Amino acid sequence: MSADVAVLGVGMHPWGKWGRPFTEYGVVAARAALDDAGIDWRDVDLVVGGETVRNGYAGYVAGATFAQALGWNGARVATSYAACATGAQALDTARARILAGLSEVALVVGADTTPKGFLAPNAGERWDDPDWLRFRLLGMTNPAYFALYARRRMDLHGATPEDFALVKVKNASHGLANPNARYRKKVSVEDVLGSAVVSDPLHLLDICATSDGAAAVVVSSTEYARKIGLEEPVRINAVSTVTPTFPNAILDMPNISTDSTQEAGTEVRAERASKGEPERTFKESIAHAAYEEAGITPEDVSVAEVYDLSTALELDWMEDLGLCGRGEAEALLRAGDTTIGGRIPVNPSGGLACFGEAVPAQALAQVCEVTWQLRGQATGRQVEGAKVGITANQGLFGHGSSVLLSR
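Let me begin by describing the structure that accompanies this report. Every chain begins its residue count from 1, and numbering advances along the sequence as written. Per-residue local features are limited, in this predicted model, to residues with pLDDT of at least 70; the limit for side-chain atom pairs, both in listing and counting, is 80 or more; totals at the level of whole chains, interfaces and linings are taken over all residues. The side-chain quantities take in all heavy atoms of the structure and omit both hydrogens and water.

### A few points about the overall build of the protein
Counted only if it meets this: Put simply, DSSP H or I for four residues or longer makes a helix, DSSP E for two residues or longer makes a strand, and each gets a number counted from the N terminus. Each radius of gyration reported is based on C-alpha atoms, and the globular scaling rule is 2.2 Å times the count of residues to the power 0.38. Exposure classes here rest on a 1.4 Å probe applied to the protein chains alone. A residue is buried below 20% of its type maximum, exposed above 50%, and partly exposed in between. Contacts: residue pairs with any heavy atoms within 4.5 Å of one another. Note on areas: Shrake-Rupley, 1.4 Å probe, and residue coverage restricted to the protein chains presented here. Neither His nor the chain ends contribute to the count of charged residues, in which Lys and Arg are positive and Asp and Glu negative. Where a charge lies is defined by one atom per residue type, namely NZ (Lys), CZ (Arg), CG (Asp) and CD (Glu).
Counting its regular elements, the protein contains 15 helices and 11 strands. The C-alpha atoms of the protein give 20 Å as radius of gyration, which agrees with the globular expectation for 407 residues (22 Å, within 12%). In the protein, which comprises 407 residues, the proportion classed as buried is 56%. A sequence separation of at least 24 residues applies to 74% of the contacts in the protein between residues at least 6 apart. Surface summary for the protein: the accessible area is close to 16200 Å², and the carbon and sulfur share equals 51%. Here the protein contributes 36 positive and 50 negative side-chain charges, whose respective centroids are spaced 5 Å apart.

### Brief notes about helix H4 (residues 86-99)
To keep things clear, this is the line we draw: Take the residue count of a helix, subtract one, and multiply by 1.5 Å to get its expected span.
Taking 1.5 Å per residue as the helical rise, H4 with its 14 residues ought to reach 20 Å, and the 20 Å between its terminal C-alpha atoms agrees with that figure. Taken residue by residue, H4 has Thr86, Gly87, Ala88, Ala90, Leu91, Asp92, Ala94, Arg95 and Ile98 as its buried positions. Positioned one or two residues after H4, Gly101 has a phi angle of 80 degrees, which is positive.

### Observations regarding the nonpolar core
Put simply, the rule reads: We define the nonpolar core as a collection of buried residues of types Ala, Val, Leu, Ile, Met, Phe, Trp, Tyr and Cys that are connected through side-chain atoms lying within 4.5 Å of one another.
Phe164, Tyr291, Leu321, Leu323 and Leu404 are the most contacted members of the largest nonpolar core, which has 48 residues in total. Listing elements by their share of this core, those giving two or more residues are helix H6 (142-157), helix H7 (161-175), helix H11 (282-294), strand E9 (303-306), helix H12 (311-320), helix H13 (329-335) and strand E10 (388-395). Of all the elements, H6 adds the most residues to this core, at 7 residues. Counting 39 residues, the second-largest nonpolar core is a separate cluster that includes Leu46, Val239, Ala358 and Val367.

### Some remarks on the packing of H4 against helix H15 (residues 359-375)
Rules: Every axis in this analysis is a line fitted to C-alpha atoms, fitted for helices over the stretch in contact. Angles between the N-to-C directions lie between 0 and 180 degrees. Note on angle classes: values under 35 degrees are labelled roughly parallel, values over 145 roughly antiparallel, values of 65 to 115 roughly perpendicular, and the remainder oblique. Under the scheme applied here, ten amino acids are nonpolar (Ala, Val, Leu, Ile, Met, Phe, Trp, Tyr, Cys and Pro), four are charged (Asp, Glu, Lys and Arg), and all others, including Gly, are polar.
Two elements in contact, H4 and H15, have axes whose closest approach is 5 Å; the angle formed by their N-to-C orientations is 70 degrees. One element, H4, and the other, H15, form an angle in the roughly perpendicular class. Residues Thr86, Gly87, Ala88 and Leu91 of H4 pack against Pro360, Ala363, Leu364 and Val367 of H15. Per-class residue counts for the contact of H4 with H15 are 6 nonpolar, 2 polar and no charged.

### A few points about the pairing of strand E7 (residues 212-221)
So the rule is basically this: Strand pairing follows a simple DSSP-based rule, namely that at least 2 bridges must link the two strands.
Counting buried positions along E7 yields 10 of 10 residues, so the element is predominantly enclosed. Two strands pair when backbone bridges link them, and strand E1 (residues 5-16) and E7 are joined in this way by 9 bridges, in the antiparallel orientation. Residue Gly16 lies in a different strand from E7, and its bridge partner there is Asp212. In this sheet, E7 lies alongside strand E4 (residues 105-112) in antiparallel orientation, the contact comprising 8 bridges. Bridging from a neighbouring strand, Leu107 pairs with Val218 of E7.

If you want it as structure tokens, here you go:
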């Protein structure tokens, strides 16, 4: 049996800010994916929903919520949550059941309705919850962390606010032709630098918004794809959902400290070095696990969709994915290599810069975009000759994901 699963169909509900029930968005995306796959809802034997924690109990049991909204068909259901990596983890759940022979056709759906302003913890006092504590003790909203990462990049690699602005300019240009994007407007470096400073050195246009939206993917065994006449589908070659390894010395949300690199940390690193194991950051390990599982290298990648919560983070991800060496991302950006038509286009969808963040949907939206790219269906933003695509994102509490697809 193949270790790959086939992508039969993908679909999205456009991103925006309407305040409607998340289920409505999810149903639109699900029906679009089913139509794209050319299969009937009754053929689906597994529904996996991406949990949304801001939309009541229905959001906690999203798999069943979507199954009921589409019309009970007897399918098995599951619900996954991994913060910003939720969609990919839901996809991995479906993939695992298919590869185990326990399901044949699965529908994976993520949808969200977000509040105005920054994302914040749910109500209540929880003194053992790091996500609640960072707000209560330090007032650390997400952009404060994004600014720390940006400042770190400036200190280590000489990045400038102008470099960060160029990321926004590029992604805004990519998103102009994307009918699912919320923001479809050209911006200039001057526009970015002239927008309000939210958390120094990042400006308002450096940071993604929060949005409503939905994405869905229909996957099956490769045998089933052939049975319905799909000989060369886009294939999912790997899904990585690894966690950090000790000592994790780079600050990740929502923590307010890192592991110590002394004593036990030194011993662990020495033991790994003695085994010839290279030292990787958490984000590097996410991509490495996907490459290793798929037998694909960074040099094979045609297109990347990464989680640009801020402009500076896109530059970090380029290096974490092995698309360039440490400290080289700015040079690729300035040379136009990450623009459509360049050597390795990054975020041809427009990324979060054009969409905003709809947590359980975003990793699935990345898979939708890569699928369209590999099929040659990304009208107005097509990466010519795309054969291999990779996605990447990171969620709270040691969650991360990377999906490798090929055709």
